[in-house]
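Structure assessment
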Amino acid sequence: MLIGLTGTPGTGKTSASKLLEKRRQWKVIHLNDLIKKEHLYTEVDEKRDSVIADMELIRSRLPELIDEMEKESENKMVILESHLSHYITDIVIVLRAYPPELKKRLEKRGYSEEKVNENAEAESIDLILAEAFEWCDKVFEVNTTGRTAEETTGDVEKIIDYLLSGKEEGLKEYSPGSLDWIDSVP
Ligand SMILES: Nc1ncnc2c1ncn2[C@@H]1O[C@H](COP(=O)(O)OP(=O)(O)O)[C@@H](O)[C@H]1O
């Protein structure tokens, strides 16, 4: 089973996925690292200090890698961690953070004011969640606001355990669409 872990930068995808690798030995593909390592991008965006991912190349590279990892994975489950993962997976967990809190996290990470505001703005209009609805069959939402990275990891772990056991009815608390942060960014 392939599960996407997506969300605006700073919502905690890397922290949660790394904790799950440690805690549960689950297999995780950190897609943004793979894109850079295997040059799966078309160009470098100097201004934004990022790369423009080549989705065709990524889509052609992932099946083989996922196959390999599913074979190594005891429960055949692989997490694809990236703010792009909802373009690839059918099932996705969207991490959310109240934009003013998200801004603090990104400022702490040393992002430029422009990049902080751009991401806070995207989070306030539910951009990633809307894309996830468009691209994915199953969407779950985890609000990380005011919680620790460990608590967020526990939420993600609970969703995945329920999915693995086929008991999705227990995941009502993670149904998306209850957050409205449209007015949270001046
Ligand atoms: N509830 C939370 N869940 C995840 N990360 C959190 C949380 N609260 C604060 N953080 C902090 O926010 C930052 C999230 O960074 P990271 O995991 O790299 O996010 P992403 O991979 O989504 O860009 C980390 O410094 C983390 O410690």
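The rules behind the values
Residues numbered from 1 in each chain as written. Predicted model: local features only at pLDDT ≥ 70, side-chain atom pairs only at ≥ 80, totals over all residues. Heavy atoms only, no water. UniProt positions renumbered as here; feature names shortened; annotations may be inferred. Helix = DSSP H or I, 4+ residues; strand = E, 2+ residues; numbered from the N terminus. Buried < 20%, exposed > 50% of the residue type's maximum accessible area, 1.4 Å probe, protein only. Near = heavy atom within 4 Å. Polar contact = N/O pair within 3.5 Å; in protein donor to acceptor, adjacent residues only side chain to side chain. Areas by Shrake-Rupley, 256 points an atom, 1.4 Å probe, with all protein chains shown as cover. Nonpolar A, V, L, I, M, F, W, Y, C, P; charged D, E, K, R; others polar. Phe/Tyr/Trp six-rings, centres within 6.5 Å; stacked < 30°, edge-to-face > 60°. Lys NZ or Arg CZ within 6 Å of the ring centre and 35° of its normal.

For the protein, the name recorded in an unreviewed UniProt entry is Putative adenylate kinase, with Methanosarcina siciliae T4/M as its organism. According to UniProt, the comment filed for the protein under the heading Subunit (unreviewed entry) is "Interacts with uS11. Not a structural component of 40S pre-ribosomes, but transiently interacts with them by binding to uS11." For the protein, the Sequence similarities (unreviewed entry) comment in UniProt is given as "Belongs to the adenylate kinase family. AK6 subfamily."

Phi at glutamine 25 is positive, roughly 55°, even though this residue is not glycine. One can find glutamine 25 in the loop between α1 (13–24) and β2 (27–30). Look at glutamine 25 and you get exposed, because its relative accessible area is 56%.

Okay, the site of the ligand next. Around the ligand, a shell composed of 15 residues is seen, among which Lys13, Thr14, Ser15, Arg109 and Arg147 lie nearest. Contact distances for the ligand include 3.3 Å between a nitrogen atom and a side-chain N or O atom of arginine 105. Note that an oxygen atom of the ligand is positioned 2.7 Å from one of the side-chain N or O atoms of arginine 109. Here the ligand has 560 Å² of accessible area as a free molecule, and 75% of this is covered by the chains. Of all the secondary-structure elements, those providing two or more residues to the shell around the ligand are α1 and α7 (149–165). Considering every element that reaches the shell around the ligand, the biggest residue donor is α1, with 3 residues. Each residue belonging to the shell around the ligand can be placed in one class, and the counts come to 2 nonpolar, 9 polar and 4 charged.

All chains considered together, the criterion is met by 2 aromatic pairs. A ring pair is formed by tyrosine 87 and tryptophan 135, whose centres lie 5.1 Å apart and whose planes are at 90°; its orientation type is edge-to-face. Pair noted here: tyrosine 87 is in the loop between β5 (78–81) and β6 (91–96) and tryptophan 135 is in helix α6 (residues 127–135), with a separation of 48 residues, a long-range link. Consider the rings of tyrosine 98 and tryptophan 181, whose centres lie 5.7 Å apart with planes at 65°: the pair is edge-to-face. Taken together, the residues span a long stretch of sequence, with tyrosine 98 in the loop between β6 and α4 (99–108) and tryptophan 181 in the segment after α7 at a distance of 83 residues. On the basis of relative accessible area, tryptophan 181 is assigned to the buried category, the value being 9%. Cation over ring: lysine 115 sits above tyrosine 111, and NZ or CZ is 4.3 Å from the ring centre.

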